Amino acid sequence: MFDFGIVTNWIHTQLASVMSESLAIFLECVIIGVCLLLLYVVIAIIMIYMERKVCAAFQCRLGPTRVGPWGSIQVICDVFKMLTKEIITIRHSDRFLYNLAPYIVIIASVTAFACIPVSRGLEILDFNVGVLFFMAASSIGIIGILLAGWSSNSKFSLIGAMRSGAQMISYELSVGLSILTIVVLTDTMQFSEIVMRQADGWFIFKGHIPAVIAFIIYLIAGNAEVNRGPFDLPEAESELTAGYHTEYSGMHFGLFYVAEFVNLFIISSVAATIFLGGWMPLHIPGLDGFNAVMDAIPGFIWFFAKAFFIVWLLMWIKWTFPRLRIDQILTLEWKYLVPIGLVNLLLMVIVVVFKLHF
Amino acid sequence: MVGYIKGIFRGLGSLLTGMKVTFKEFFTRKITEQYPENRAVLKMHDRFCGELVMPDESKCIACGLCQMACPNSTIKITTEPVTDPETGKTRKRLVKYEYDLGSCMFCHLCVNACPHDAIRFSTEFEHAVFTRSKLVKILNKQ
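One structure accompanies this document, and this report is about it. Everything numeric in this text was worked out from a predicted model, so none of it was measured.

1. Let's talk about the overall build of chain B
Part 1 of the argument: Of regular secondary structure, chain B possesses three helices and five strands.
Part 2 of the argument: Moving toward the C terminus, one meets the helices and strands of chain B in the order α-β-α-β-β-α-β-β.
Part 3 of the argument: Taking 2.2 N^0.38 as the reference for a compact globule, 142 residues should give roughly 14 Å; the C-alpha atoms of chain B span a radius of gyration of 26 Å, well beyond that estimate.
Part 4 of the argument: Based on the C-alpha atoms only, the size of chain B along its principal axes is roughly 95 × 35 × 25 Å.
Part 5 of the argument: Sequence-distant contacts, at least 24 apart, represent 68% of the contacts inside chain B between residues at least 6 apart.
Part 6 of the argument: Of the accessible surface of chain B, which amounts to about 10400 Å², a share of 59% is contributed by carbon and sulfur atoms.
Part 7 of the argument: Of the charged side chains in chain B, 21 are positive and 15 negative; the average position of the first set lies 9 Å away from that of the second.

Given below as structure tokens:
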């Protein structure tokens, strides 16, 4: 597997040879920031296009076909349309918080996005409590949503934001428990290290029964975490017009929209990283020829293939099930997912202590 | 406790049933018609009501039942009496069958009223014209 660390180290030594160490690091931070934001936007555009196409396919339609071949330029045109639209200021709103809210959401999303190891040596934020940092960073988004609902001075926004708060804080627990289950198996919280431990088999195979249960719980809770699928009642169109971003227009709305889609990608890519081996190729012990072929495929292709496969799974769920009521959502979390998650954690501890895993 | 565990598996089962349905739908042929491109091969449904036509005007006996059945006065029939030279009986003959597409609501009452199946609805649907008067069509040729 090609180590991108060689490339980044080479860039660092080249830069350090012409300027001071601190200036080189500063310059690298700027370059990485720009690359990160570019990747963020590209992923958002791909996700929106994929959402429209996959949704159409599930509803027996074709989706966008007119703008560009197979409608591929449609989303890019939509982005430019969104950029040119006016940002309307609401008269009786809390002006400062109203303008701040979308940026908090997007900052939380970008920070969580930076934690994901794309390929070997292509990790941006990678340290020994990476999982914890990821959980913390992704939870900041709730504040942005609550602020958006509160500062808009609208009933619909506020109800949407309150629902969202209740839902996201509850489901954070299940996400945490299912990730903890894997942390018990790996005894590390560093994302790159978690991926490295899966060289001889992905955790969903190594951890067998508890890992599969944790994977399912993670998918359900992750879907609820990003306010999508059957859990999209913070923005229930039929009841709340658009939920917490009802009063937003132009690019401020666009930021919420983009953050929602990239959050879905982040949830999927973390699922791919901790359960399906991230950028690690599929290795079957004993079949050396097969393993060599799998190794020839670059790591980032493995990563994106797995991440988009899980995105597709979540879209499948979204376009199949009807929306849940708020009490049903909280019942599902507190009476089903949390107890099952706790028992599952215990099961994983037993599996690890008695070395029952592969 | 038993009910709780049973409930989980029953719930999962019903969810999987739903997902099976949409999974099949994902791979079925899409029903979207890409209209201007597929004009050559586009086939409308048989029961689609495009406009009223009279395929065989010798079937029409000019009885006027369709005109009376029409709620919008879309159909206007002009007749003339003719005398049969053999029997000497007088009967009506169709002179002009006017059909105003602009006021038709495609209710099929005229087609149902026709005792000889002289009129029916075709699946032709490209009706756009520049003036209203062009929507008034004369169905009989002679």
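So that's the structure; there's more coming.
2. A word on helix α1 (residues 2–27) of chain B
Part 1 of the argument: In this model α1 of chain B runs 38 Å from its N-terminal to its C-terminal C-alpha over 26 residues, within 8% of the 38 Å that 1.5 Å per residue would give.
Part 2 of the argument: Buried within α1 of chain B we find Ile8, Met19, Thr22 and Phe26 of chain B.
Part 3 of the argument: Residues of α1 of chain B that are buried in the fold lie against α2 (21–58), α13 (299–318) and α14 (326–353) of chain A.

3. Structural notes on a nonpolar patch on the surface
Part 1 of the argument: Judged by side-chain polarity, Leu346, Val349, Ile350, Val353, Phe354 and Leu356 of chain A come together as a nonpolar surface patch covering roughly 590 Å² of accessible area.
Part 2 of the argument: Looking at the secondary structure, you find leucine 356 of chain A in the segment after α14.

4. Comments concerning the layout of surface pockets
Part 1 of the argument: Taken as a whole, the largest pocket holds about 1300 Å³ of empty space.
Part 2 of the argument: For the largest pocket, the lining is made up of 36 residues, of which Ile216, Ile220 and Leu337 of chain A together with Leu12 and Leu15 of chain B are closest to its centre.
Part 3 of the argument: Of all the secondary structure elements, the ones that give two or more residues to the lining of the largest pocket are α9 (208–225), α13 and α14 of chain A together with α1 of chain B.
Part 4 of the argument: For the lining of the largest pocket, the element with the highest residue contribution is α1 of chain B, accounting for 11 residues.
Part 5 of the argument: By residue class, the composition of the lining of the largest pocket is 29 nonpolar, seven polar and no charged.
Part 6 of the argument: For the second largest pocket, the calculated volume is near 740 Å³.
Part 7 of the argument: Lining the second largest pocket are 25 residues, with Thr8, Ile32, Gly121, Leu122 and Ile124 of chain A sitting closest to its centre.

5. Brief notes about the pattern of salt bridges
Note that side chains of opposite charge can pair when their charged atoms are close.
All names here are of chain A.
Part 1 of the argument: According to the stated counting rule, one finds 11 salt bridges over all chains in the structure shown.
Part 2 of the argument: Between arginine 325 and aspartate 327 there is a salt bridge whose closest N-O contact spans 2.9 Å.
Part 3 of the argument: Exposure remark for arginine 325: the relative accessible area of 48% places this residue in the partly exposed category.
Part 4 of the argument: Accessibility expressed as a relative area gives 38% for aspartate 327, which makes it partly exposed.
Part 5 of the argument: Where salt bridges share partners, they join Asp187, Glu193 and Arg197 into one cluster.

Cut-offs and rules
Residues numbered from 1 in each chain as written. Chains lettered and ligands numbered in written order. Predicted model: local features only at pLDDT ≥ 70, side-chain atom pairs only at ≥ 80, totals over all residues. Heavy atoms only, no water. Helix = DSSP H or I, 4+ residues; strand = E, 2+ residues; numbered from the N terminus. Rg over C-alpha atoms; globule rule 2.2 N^0.38 Å. Contact = heavy atoms within 4.5 Å. Areas by Shrake-Rupley, 256 points an atom, 1.4 Å probe, with all protein chains shown as cover. Lys, Arg positive; Asp, Glu negative; His and termini not counted. Charge placed at Lys NZ, Arg CZ, Asp CG, Glu CD. Expected span 1.5 Å × (residues − 1). Buried < 20%, exposed > 50% of the residue type's maximum accessible area, 1.4 Å probe, protein only. Patch = residues over 30% accessible without salt bridge, like charges linked within 9 Å, V, L, I, M, F, W, Y side chains within 5 Å. Salt bridge = Lys/Arg side-chain N within 4 Å of Asp/Glu carboxyl O. 1 Å grid on protein atoms, 1.4 Å probe; cavity = no way out; pocket = protein on both sides within 12 Å on 5 of 7 lines; lining within 4 Å. Points joined across faces, edges and corners; volume = space filled by probe spheres on them. Nonpolar A, V, L, I, M, F, W, Y, C, P; charged D, E, K, R; others polar.

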